[in-house]
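Understanding the architecture of this molecule
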Amino acid sequence: MPGETICDLLRPLIGKSGSIVIAIRKIGPIGLAVAEHNKLTSVEVRPDGLIHIERETGWTVVDPDDVVAVAWSENPGQTAGQFL
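Residues numbered from 1 in each chain as written. Predicted model: local features only at pLDDT ≥ 70, side-chain atom pairs only at ≥ 80, totals over all residues. Heavy atoms only, no water.

Points about the pattern of salt bridges
Quick reminder of the rule: One side-chain nitrogen of Lys or Arg within 4 Å of one carboxyl oxygen of Asp or Glu is enough to make a salt bridge. Burial status follows relative accessibility: with a 1.4 Å probe on protein chains alone, a residue under 20% of its type maximum counts as buried, one over 50% as exposed, and anything between as partly exposed.
Counted according to the given criterion, the structure contains 3 salt bridges. Its salt-bridge partner being R11, residue D8 comes within 3.3 Å of it at the nearest N-O pair. D8 gets classed as partly exposed once you look at its relative accessible area, which sits at 49%. Residue classification places R11 among the partly exposed residues on the basis of a relative accessible area of 35%. R46 is the partner of D48 in a salt bridge, and the nearest nitrogen-oxygen pair spans 2.5 Å. With a relative accessible area of 27%, R46 lands in the partly exposed category. Salt bridges here are not isolated pairs; linked through shared partners, they connect E4, D8 and R11.

Focus on the nonpolar core
Formally: By nonpolar core is meant a set of buried Ala, Val, Leu, Ile, Met, Phe, Trp, Tyr and Cys residues that side-chain atoms within 4.5 Å join together. Working rule for contacts: check all heavy atoms of both residues, and any pair within 4.5 Å makes them a contact.
With 15 residues, the main nonpolar core has L10, I20, I22, L40 and I53 as its most contacted residues. Those residues in contact with I53 that sit more than four places away from it in its chain are L10, I22, L32, L40, S42, V43, G58, W59, T60 and V62.

Observations concerning the side chain of N38
Put simply, the rule is: Per the convention used, a helix needs a DSSP run of H or I reaching at least four residues, while a strand needs a run of E reaching at least two, with both numbered from the N terminus. Polar contacts here mean pairs of N or O atoms no more than 3.5 Å apart (in protein, one a potential hydrogen donor and the other a potential acceptor; neighbouring residues in sequence count only if both atoms are side-chain atoms).
Residue position: N38 is located in the loop between β2 (28-34) and β3 (40-45). A distance of 2.4 Å separates a polar atom in the side chain of N38 from a polar atom in the side chain of T57. Those residues in contact with N38 that sit more than four places away from it in its chain are A33, R55, E56 and T57.

Considering the sheet that holds β3
Operational definition: We treat two strands as partners when DSSP finds at least two bridges between them. Interaxial angle, 0 to 180 degrees, is taken between N-to-C directions of lines fitted to C-alpha atoms, where a helix line uses only the stretch in contact.
Pairing is antiparallel across the open sheet formed by 3 strands, whose spatial order is β3-β4-β5. One side of each edge strand has no neighbouring strand; the edge strands of this open sheet are β3 and β5 (58-62). Averaged over all adjacent pairs, the angle separating strand axes in this sheet is 15°, with direction ignored. Pairing analysis gives 5 bridges linking strand β4 (residues 51-55) to β5, with the strands arranged antiparallel. Note that in β5 the partner of R55 across the bridge is G58.

This is the structure we're talking about:
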């Protein structure tokens with residue numbers, strides 16, 4: 001999935017609570033809880049093409065070439081379901 005597409009999907013979630021799931025090829029789903037004390041603060045494509053996802057309490061770097069799905073749920077206790 002193109003890096004800018006991932007950023008476009010995640011940017012509207014900055015500052016919101018909920019749960020984000022990113023499905024990574026050959027690995028599976030990676031969950032990012034974004035609660036009141038751990039909200040998404042920024043998402044950007046780095047110069048090397050990787051996606052930098054920053055939250056109040058940490059960050060994650062993802063290779064967009066391996067992303068097959070992105071899901072968000074407003075209810076942090078609810079998962080996005082199974083990815084096949």
